[in-house]
Amino acid sequence: GGMLAAGLLLLLLAAGPGWAGAEQARRDVLREELLLSPLPAGDLAATFQFRTRWDADLQQGEVSHYRLFPKALGRLVAALGVRELHLALTQGFWRTRVWGQPPLQAPAGAELWVWFQPTVTDVDKAWKELSNILSGIFCASLNFIDSTNTVTPTASFKPLGIANGTDHSLLRYAVLPREVVCTENLTPWKKLLPCGSKAGLAVLLKAERLFHSSYHSQAVHIRPICRDASCLAVSWELRQTLTVVFDSFSSGQGKKDWSLFRMFSRTLTDACPLASQSKVYVDISPKSKEEELLEVTPTPASVHEAIVQGDKRTYAVYDLLSPSLFNTSRSLNVQLKWKRPQDSSELPTPILHAQRYVSGYGLQTGEISTLIYNTHPYRAFPVILLETVPWYLRLYVHTLTIITKGKENKPSYIHYQPAQDRKRPHLLEMLIQLPANSVTKITIQFERALLKWTEYPPDPNHGFYVSSSVLSALVPSITAMKHVDMEQSPLFTSLFPSSDGSSYFVRLYTEPLLVNLPTPDFSMPYNVICLTCTVVAVCYGSFYNLLTRTFHVEEPSRGRLAKRLANIIRKFRGVPPL
């Protein structure tokens, strides 16, 4: 019996690693995808998405072996009781009115919003620890997130994954508008990918080309999702997304024809070996009722049609895992060529877009104005507006006005949390109804506070940033959407859950604002120091010299020449000499 048990144990040990690897292969899946979308005016947007789905419960702490899911993020979720994590680092501003609705928009700078588990007792402590750890992982200034720029929204930023309840005291949201995104943030982001930047779509992520663009945004989204249709078990999903917009002027050629090599200085040679799906989508939807404007080479093997953001779109699909793709050539260089120049009058205007600006004169008072456009010809819909204003701009809430078509528009829900000096910012949330084909103007006045001279940044005359407003809305669809299997549909269609086929969820960000505050003349301390040092050196130095110097009294000596002459005269006269 003992020999048999020992033999079985040896057999299990010999088969263990292979069996465990097969089990893990069934439990975690990687999908990678690149979406190329031609934009009006000849620009082109490239959206990368890398999705790792792991059929494991990170919260139980039972996970010890990590294969595709990054260990740094997995242990972070388990240790701090994170239910959802969304981090975006963005350089530039997505111009919604010109470029249309983006697949995933983010505000300029760094944005972090996190839902914690109900088991977390001290949410603020976990939030501070989380921002510090993420600051180290992504080499960003997230450690500057504190109580002065953190808010707890009550209506915006609902969980994107499965959630038992929405206790908003477990939510934290912060934006750092001044954060500058560069290669030191991209490198750790790429290292989280299972294949790094060595294989698959990630070989295109060349920093020199990505940052030579009009807009660059990289993000990390972690959320729990249903494992199957019954939703009895939970899987964890990590999405790493990167959106970049190339414009024809910064590329130096001025042409509107694009190719992978022209954008990234590289071509695709293979798929990531760990990926179960690796595809390139090119949006070839006709912009008008006439023939297609865009010609794509090489000829795609298949075409995919989908309802994206309420509109019917057509995509050319290149499957990197298809054996026939690399038979004819060793690399894939997708080329997009316009058949005829695009007429600017054909450009569609997004149904929902917004803009914000600051007005007023002087350095005492001012006014923040937000314009929200609903261009739908006959459908009205509500929108949730979230405003976060720093404490040093003191809002006068009694001056809040909402005007639509010349009439006052009363919000059906309003939540305002006043700021506390040097402790927390203003938080204003409103649910506003937007009538069809209308412009809604929201204005609120503020007064600038005087800061202590030690609270100014090194470049105080540059100004102070106010983070973007956030608009959340269910926008009516132009084309009715059918329910599709999320696992089969492209990744760019499935981050925001759709409640029904008649509308789709949109989250928009306005421009960040740059506000001047009363700034002291920082050259005056220098002048005072110079003057004080001069006075001390001259006056105190002379006075000290007088106090400490020793004086000796000397007898006045007469002139020797006069004495000699006098003695000569006295000698002639017979008088004794002096």
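Located above this text is the structure these notes cover.
Counting starts from 1 at the beginning of each chain's written sequence and moves along it residue by residue. Whole-chain, interface and lining totals are the exception, using all residues; otherwise, since this is a predicted model, local features are given only for residues with pLDDT of at least 70 and side-chain atom pairs are given and counted only at 80 or more. Heavy atoms from the whole structure form the basis of all side-chain values; hydrogens and water molecules are not counted.

(A) The arrangement of the overall build of the protein in detail. Secondary structure elements are taken from DSSP: a helix is a run of H or I of four residues or more, a strand is a run of E of two residues or more, and numbering for both begins at the N terminus. Regarding its fold elements, the protein presents nine helices and 26 strands. Only protein chains enter the calculation, and the probe is 1.4 Å; a residue is then buried if its accessible area is under 20% of its type maximum, exposed if over 50%, and partly exposed in between. A total of 578 residues make up the protein; the buried ones form 46% of that total. Taken as a whole, the protein presents about 29,700 Å² of accessible surface, with 57% of it coming from carbon and sulfur. Per-residue and other accessible areas follow the Shrake-Rupley method at a 1.4 Å probe size, with only the shown protein chains counted as cover for residues.

(B) The state of the cysteines, seen in detail. Any two cysteine sulfur atoms within 2.5 Å of one another count as a disulfide. Per the counting criterion, the structure on display carries one disulfide. No disulfide involves C533; its sulfur sits 6.8 Å from the nearest other cysteine sulfur, which is in C530.

(C) Region of interest: the sheet that holds strand β14 (residues 335-338). Read from one edge to the other, the open sheet built from three strands follows the order β9-β14-β11, with strand pairing classed as antiparallel. A single partner strand is all that each edge strand has here, and the edge strands are β9 (258-259) and β11 (294-297). Two strands pair under a simple rule: DSSP has to find at least two bridges between them. Of the pairings in the sheet, the one linking β11 to β14 comprises four bridges and is antiparallel in character. What sits directly across from T297, in β14, is Q335.

(D) Representation of a nonpolar patch on the surface within the structure. Residues enter patches when they are more than 30% accessible in relative terms and free of salt bridges; like-charged ones are connected within 9 Å and nonpolar ones (Val, Leu, Ile, Met, Phe, Trp, Tyr) within 5 Å. Take a side-chain nitrogen of Lys or Arg and a carboxyl oxygen of Asp or Glu: if they are within 4 Å of each other, that pair is a salt bridge. Together, L561, L565, I568 and F572 give the surface a local cluster of nonpolar side chains, amounting to about 500 Å² of exposed area. Take F572: it is sitting in helix α9 (residues 560-573). We classify F572 as exposed; its relative accessible area is 76%.

(E) Examining the packing of aromatic side chains more closely. Each aromatic pair joins two rings of Phe, Tyr and Trp (for Trp, the six-membered one) with centres within 6.5 Å, and gets the label stacked for planes under 30 degrees apart, edge-to-face for over 60, and tilted for any other angle. If you walk through the whole model with that rule in mind, you get 16 aromatic pairs. Ring geometry for F50 and W189: centres 6.2 Å apart, planes at 70°, overall edge-to-face. Here W189 lies in helix α5 (residues 183-191) and F50 lies in strand β2 (residues 44-54), a separation of 139 residues in the sequence. Each member of the pair, F50 as well as W189, is classed as buried. Centroid distance F246 to F264: 5.5 Å. Interplanar angle 90°. Geometry classified as edge-to-face. Pair noted here: F246 is in strand β8 (residues 234-246) and F264 is in helix α7 (residues 260-264), with a separation of 18 residues, a long-range link. Relative accessible area serves as the criterion here: at 2%, F246 is assigned to the buried category. Its guanidinium or amino end placed over the ring of Y373, R97 lies 5.1 Å from that ring's centre, counting from NZ or CZ. Over the ring of W258 we find R262, and its NZ or CZ is 4.3 Å from the ring centre. Put simply, a charge is over a ring when the Lys NZ or the Arg CZ is close to the ring centre, within 6 Å, and near the line of the ring normal, within 35 degrees.

(F) Local environment of the nonpolar core. Counting residues in each nonpolar core, the largest one holds 88 residues, and the members touching the most others are L36 and F48. Throughout, the edges of the domains are those of an automatic or database domain assignment. Both domain 1 (29-338) and domain 2 (352-483 + 496-515) contribute no fewer than three residues apiece to this core. Discounting residues that sit within four places of it in the chain, L36 has contacts with L44, A45, A46, L260, M263, V280, Y281, V282, D283, V334 and L336. The definition of a nonpolar core used throughout is a set of buried Ala, Val, Leu, Ile, Met, Phe, Trp, Tyr and Cys residues joined through side-chain atoms within 4.5 Å. Listed in part, the 36 residues of the second largest apolar core include I372, V383, F446 and Y456. Note on contacts: a residue pair qualifies if any of its non-hydrogen atoms lie within 4.5 Å across the two residues.

(G) How the structure looks around unusual backbone geometry. A positive phi angle, close to 55°, is found at C139, a residue other than glycine. The topology assignment puts C139 in the loop between α4 (123-138) and β5 (150-151). A relative accessible area of 44% places C139 in the partly exposed class.

(H) Spatial organisation of the pairing of strand β6 (residues 171-176). In terms of burial, β6 is a largely internal element, six of the six residues being buried. The alternating pattern of β6 places L171, Y173 and V175 on one face and R172, A174 and L176 on the opposite face, and all of these are buried.

(I) Highlighting the sheet that holds strand β19 (residues 407-408). Reading across from one edge, β15-β16-β22-β18-β19 is the order of the five strands in this open sheet, with antiparallel pairing throughout. Edge strands, defined here as strands with exactly one partner in the open sheet, are β15 (352-359) and β19. As paired elements, strand β16 (residues 365-374) and strand β22 (residues 438-448) share ten bridges and run antiparallel to each other. Opposite Y373, over in β22, you have V439 as the bridge partner.

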